[in-house]
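The residues making up each chain are set out below.
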Amino acid sequence: MKRFFLTTAIDYVNSRPHLGTAYEKITADVIARYKRLSGIETHFLMGNDEHSQNVYKRALERGVDPRVYCDQMEQEFRTVWKQLDISFDDFIRTTEPRHKAAVQKLAQRCFDKGDIYEGQYEGWYCVSCEAFKQEKDLVDGKCPLHPTLTPEWIREKNYFFRLSKYRDALLEHFRAHPDFLRPDNRRNEMLRLLESGLDDISVSRAGQLWGIPLPFAPENVVYVWFDALINYAAAVGYATDDARFEKWWPADLHVVGKDITRFHTVVWPAMLMSAGMALPGQVFGHGFVNFGGQRMSKSLGTSLDPSDVAQRFGPDPLRLYMVKEISYGGDGDFSWERYEERYNVDLANNLGNLVSRLAAMAEKYRGSRLSPTGSGGRLAQVADAALTRYRASMDGFALHDGAAAAFQIIDAANEFIAETAPWTLARAGGDAGRLDEVLFEVAEALRVAAVLLRPIIPGSAAEILQRVGDTTPPGALRLERDGRWRADGVRQIAKGSPLWPRVEGAGSGGGGPVAFAEASAPKEGPPLRQPTLQQSAYVEAGLQTRLTQEIIVEEKPIGATGAPDVSVTKPAEDTRISINDFMKVDLRVARVLEAEAVPKSKKLLKLKVDTGTDQRTIVAGIAEAYQPEQLVGRTIVIVANLQPAKLMGVESNGMVLAASPDGGKPTLIGFDEAVPPGSRVR
Ligand SMILES: [Zn+2]
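Just so it is clear, the structure is predicted and the values come from calculations on it, not from any experiment. (Residues numbered from 1 in each chain as written. Predicted model: local features only at pLDDT ≥ 70, side-chain atom pairs only at ≥ 80, totals over all residues. Heavy atoms only, no water.)

### Points about the side chain of Asp610
Short version of the rule: Secondary structure elements are defined from DSSP: runs of H or I of at least 4 residues count as helices, runs of E of at least 2 residues count as strands, and each element is numbered from the N terminus. Think of it in three bands: with a 1.4 Å probe and only protein chains considered, a residue is buried below 20% of the maximum accessible area for its type, exposed above 50%, and partly exposed in between. The charge count treats Lys and Arg as positive and Asp and Glu as negative. His and the chain ends do not count. Every case where a carboxyl oxygen of Asp or Glu lies within 4 Å of a side-chain nitrogen of Lys or Arg is listed as a salt bridge. Two N or O atoms count as a polar contact when they lie within 3.5 Å, although within protein this holds only if one can serve as hydrogen donor and the other as acceptor, and sequence-adjacent residues are included solely when both atoms are side-chain atoms.
Examined against the element boundaries, Asp610 turns out to sit in strand S20 (residues 605–610). Buried charged residue Asp610 carries no salt bridge. Nearest counter-charge: Arg591, at 4.1 Å. One polar contact links the side chain of Asp610 to the main-chain amide nitrogen of Gly612, over a distance of 2.8 Å.

Set out below in structure tokens:
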């Protein structure tokens, strides 16, 4: 039986989890869930690093016993991980007896091997890093990671670990295992470091109370890094449970931040070699997540509490963002603007809308019961190709590409609906057999996409599976069986409230998140701005929405702004608009499906366009420049959130953008390359 043991770094508990910590746990969770989905017995370890002097100090500042403080922080961490739907199997704390036993056993073995010796340490120590620093590591005398702190000059009797002795063996290991450290740029960094030689490292601190005593010199405590690394072996029974250790060691994968790959790929393997233990299979050094282009910092206001985000929107939009928008291994950025955009595009418009449309059409046309019709057409091919791409990506830790593969199916299903227009098939004289096929295939595409998305957005994927009639318990899903296209089985489609109501306003200044939260609050109500489900159903059924007002519009190119002359009496006044005002205009790529002249009008054409999420009629003042047949199939840009207006008796839902030179004919805006309908223009 295959098994997979993966770990994340354990966290210092002197502050709450932040976005960067959350990023590591979310991506590791996606890997753990993917392994389980692949049928591999998986053990996913996380935990807290408690033997830090900073933790000790923080507890004393608060006037609490350090152990009590760590107990409180454990609850805080567990709460956040629960909010983010992190599925760890074990959570280790370095103050636990099982950890202490492992640290003492491993240290003793290194000592017995002659790899730990007594010496005098004299040098710089950054308290915030909890790391010894060499002169060459400092910038202007300061730790580059903590430029506001002055490192301490330490002179104390220490125990040293003979790291230098393992340089050649480490180089050999790196060469024999090209995948030991991923991604490749980190591997190259470590190879250069190894080639330049290694110094022995201090592994104890004298005169401190908070930590694990060295078994052979109990007046010293084990240096926090030497202590912390051993958690990975301690958690699976090293020194306490041989059978368990035998089963799970060595770890298959350590997921860690790029700043601590040296500890994990140089110090840790050398410790294991010295103790005669097997080395972990692989270390993945992920990048950092910046906030709005800046390194996260509480004092600069560039930090984000992942718990807040999860409480407002549920865990899945943040999880999807972290996985899909950041190339795994590289650095990434979080901004509210981008979060809102991806939320609206991927979840509200794309996936959420597809789920709602399928449920509405299945209910309206087939009483919510869809029967299989045959082997499946183009969508089945897209789903098969997506599964292949997904597997290769996820196996290679290209998590972003795995997410994109799942969304290929969703995009294809939305296009398929636009092309096959089920609402026309459902009309009198339509094709009932084809309608059966189309609805079943859309349901199946959604099912396959949800299986692939299960590791990334677990709760939402389970909800979608339930709505498309898949009754497999989510934990029993298997990629090999359930990730493939199925042409059998009656599907009972369930309706529900919109999964992700569209939101606006995340990007507005400091109050952004609040506005965003308010907009998303009415979970039960129809999505904002987005054509509501009811509206879409009307449009699909070819029904007219009732007009509340009739607007008389002078005939002129609709693309022209017609702005009145701006008064110049106050020249100093700034008439520029904010980015938020601009972002209120929802500019989208659309494709022209049909075009015809508006009777009795010289200038107006009536267009039917596909906006990626719906089909609608827009009246455009471009008849003098374009013949209707020239426009069919053409990609255009529209204002998608304009209030409806009636032009020469035809209701227009949006506006087509065109350049309108003075005295000349309007020219439609186009693109250099093919852009799919629904893409945002800004
Ligand atoms: Zn530092």
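### A few points about the coordination of the zinc ion
In a perfect tetrahedron of four donors around a metal, the angles come out at 109.5 degrees. In a perfect octahedron of six, they are 90 or 180 degrees. The test is simple: Only nitrogen, oxygen and sulfur atoms qualify as donors, provided they sit within 2.8 Å of the metal or within 3.2 Å for Na, K and Ca; with water excluded from the atoms, sites may seem incomplete. A four-donor site is classed as tetrahedral when every donor-metal-donor angle falls between 85 and 135 degrees; four donors are called square planar, and six octahedral, when trans pairs exceed 155 degrees and all remaining angles lie between 65 and 115, with any other arrangement labelled irregular.
Protein-derived coordination of the zinc ion comes from Cys126 (SG), Cys129 (SG), Cys143 (SG) and His146 (ND1), at a distance range of 2.1 to 2.3 Å. Its 4 donor atoms give the zinc ion angles of 103 to 116° at the centre, a pattern that matches the tetrahedral case. Donor residues binding the zinc ion come from one chain and are separated in sequence as C-x2-C-x13-C-x2-H. Separated by 17 residues along the polypeptide, Cys129 in the loop between strand S5 (116–126) and strand S6 (131–133) and His146 in the loop between S6 and strand S7 (152–161) bring together distant segments of the chain.

### Observations concerning the sheet that holds strand S11 (residues 213–214)
Where we set the bar: Pairs of strands are assigned from DSSP output, requiring at least two bridges between the strands.
Strand order in the open sheet formed by 3 strands is S10-S12-S11, and the pairing between neighbours is antiparallel. The open sheet has two edge strands, strand S10 (204–206) and S11, and neither has a second partner. Judged from the 3 bridges that link them, S10 and strand S12 (residues 217–222) form a sheet pairing that is antiparallel. Looking at S12, one finds that Ser204 is bridged to Val222.

### A look at the packing of aromatic side chains
The test is simple: Pairing of aromatic side chains here covers Phe, Tyr and the six-membered ring of Trp, requires ring centres within 6.5 Å, and sorts the geometry by plane angle: under 30 degrees stacked, over 60 edge-to-face, intermediate tilted. In this analysis the charged atom, NZ for Lys or CZ for Arg, is taken to sit over a ring once it is within 6 Å of the ring centre and within 35 degrees of the ring normal.
What the rule picks out here adds up to 35 aromatic pairs. Ring geometry for Tyr23 versus Tyr328: centroids 6.2 Å apart, planes at 75°, classification edge-to-face. Placement of the pair is Tyr23 in helix H1 (residues 19–37) and Tyr328 in the loop between helix H12 (315–324) and strand S16 (332–334), with a sequence separation of 305 residues. Across the pair, Tyr328 and Tyr23 agree in class, each one buried. Linked through ring pairs, Phe5, Tyr232, Tyr238, Phe245, Trp248, Trp249 and Trp268 together constitute an aromatic cluster. Sitting over the face of the ring of Tyr238, Lys105 holds its NZ or CZ atom 4.7 Å from the ring centroid.

### Overview of the sheet that holds S7
With antiparallel pairing, 4 strands are arranged side by side in an open sheet as S6-S5-S7-S9. At either margin of the open sheet sits one strand with a lone partner, and together these are S6 and strand S9 (201–202).

### Comments concerning the pairing of strand S13 (residues 253–257)
Among the 5 residues in S13, 5 count as buried, and that is most of the element. Burial of the side chains of S13 extends over both faces: Leu253, Val255 and Gly257 are buried on one face and His254 and Val256 on the other. Taken together, the 3 bridges between strand S1 (residues 3–8) and S13 define a ladder with parallel strand orientation. Of the residues in S13, the one forming a bridge with Thr7 is His254. Relative to strand S14 (residues 282–286), S13 is paired through 5 bridges, and the arrangement is parallel.

### A short note on the pattern of salt bridges
In total, this model carries 52 salt bridges according to the counting rule given. Here Arg36 makes a salt bridge to Asp89, at a shortest N to O gap of 3.2 Å. Here Asp89 lies in the loop between helix H3 (66–83) and strand S4 (90–93) and Arg36 lies in helix H1, a separation of 53 residues in the sequence. Taking the relative accessible area as the measure of exposure, Arg36 reaches 24% and is therefore partly exposed. Of the residues examined, Asp89 reaches a relative accessible area of 40% and is grouped as partly exposed. We note a salt bridge from Lys258 to Asp331, for which the minimum N-O separation is 2.9 Å. Linking Lys258 in the loop between S13 and helix H10 (261–275) with Asp331 in the loop between H12 and S16, this pair joins segments that are 73 residues apart in sequence.

### Some remarks on H1
Quick note on the threshold: A helix is expected to reach a length of 1.5 Å times the quantity of its residues less one.
Helix length check: H1, at 19 residues, gives a terminal C-alpha distance of 26 Å against a target of 27 Å (1.5 Å per residue), a fit within 8%. Positive backbone phi, approximately 85°, marks Gly39, located one or two places after H1.

### Examining the pairing of S20
Looking at chain direction, strand S19 (residues 587–597) and S20 are connected through 6 bridges and run antiparallel. When the bridges of S20 are listed, Glu594 appears paired with Lys608. Examined bridge by bridge, S20 and strand S21 (residues 615–620) share 6 bridges and lie antiparallel to one another. Its bridge partner being in S21, Lys606 is matched across the sheet by Val619.

### Describing the nonpolar core
Generally speaking, nonpolar side chains in soluble globular proteins are found buried as a group. Formally: Nine residue types can take part in a nonpolar core, namely buried Ala, Val, Leu, Ile, Met, Phe, Trp, Tyr and Cys, and a core is a set of them joined through side-chain atoms within 4.5 Å. Should any heavy atoms of two residues lie within 4.5 Å, those residues are considered in contact.
If you look at the biggest cluster of nonpolar residues, it comprises 107 residues, and the most contacted ones within it are Ile31, Trp81, Leu84, Phe334 and Leu351. The element that contributes the greatest number of residues to this core is helix H17 (residues 432–453), accounting for 14 residues. Beyond its immediate stretch of four places on either side in the chain, Trp81 contacts Asp11, Pro17, Thr21, Ala22, Lys25, Met46, Ile86, Phe88 and Phe91. Counting 72 residues, the second largest nonpolar core, distinct from the first, contains Tyr125, Leu191, Val236 and Trp268.

### Details of the side chain of Arg342
Note that Arg342 resides in helix H13 (residues 336–366). Sequence-distant contacts of Arg342, defined by excluding residues within four places in its chain, comprise Tyr321, Lys324, Glu325 and Leu347.

### Side note on the confidence of the model for the chain
Stated formally: How sure the predictor is of each residue is captured by pLDDT, a score from 0 to 100.
Here the chain averages 87 in pLDDT, while 88% of its residues score no lower than 70. For the stretch residues 507–572, pLDDT sits under 50, and the model shows 100 contacts to residues farther than four places along the chain or on other chains.

### Concerning unusual backbone geometry
The peptide bond linking Arg182 to Pro183 adopts the cis configuration, its omega dihedral lying at -10°. In this structure, Pro183 sits in the loop between strand S8 (181–182) and helix H6 (184–195). The phi torsion at Asp140 lies on the positive side, around 50°, for a residue other than glycine. Secondary-structure assignment places Asp140 in the loop between S6 and S7. Exposure remark for Asp140: the relative accessible area of 73% places this residue in the exposed category. A positive phi angle, near 45°, is found at Ala421, a position not held by glycine. With respect to the helices, strands and loops of the structure, Ala421 is situated in the loop between helix H15 (399–420) and helix H16 (422–425). Look at Ala421 and you get buried, because its relative accessible area is 11%.

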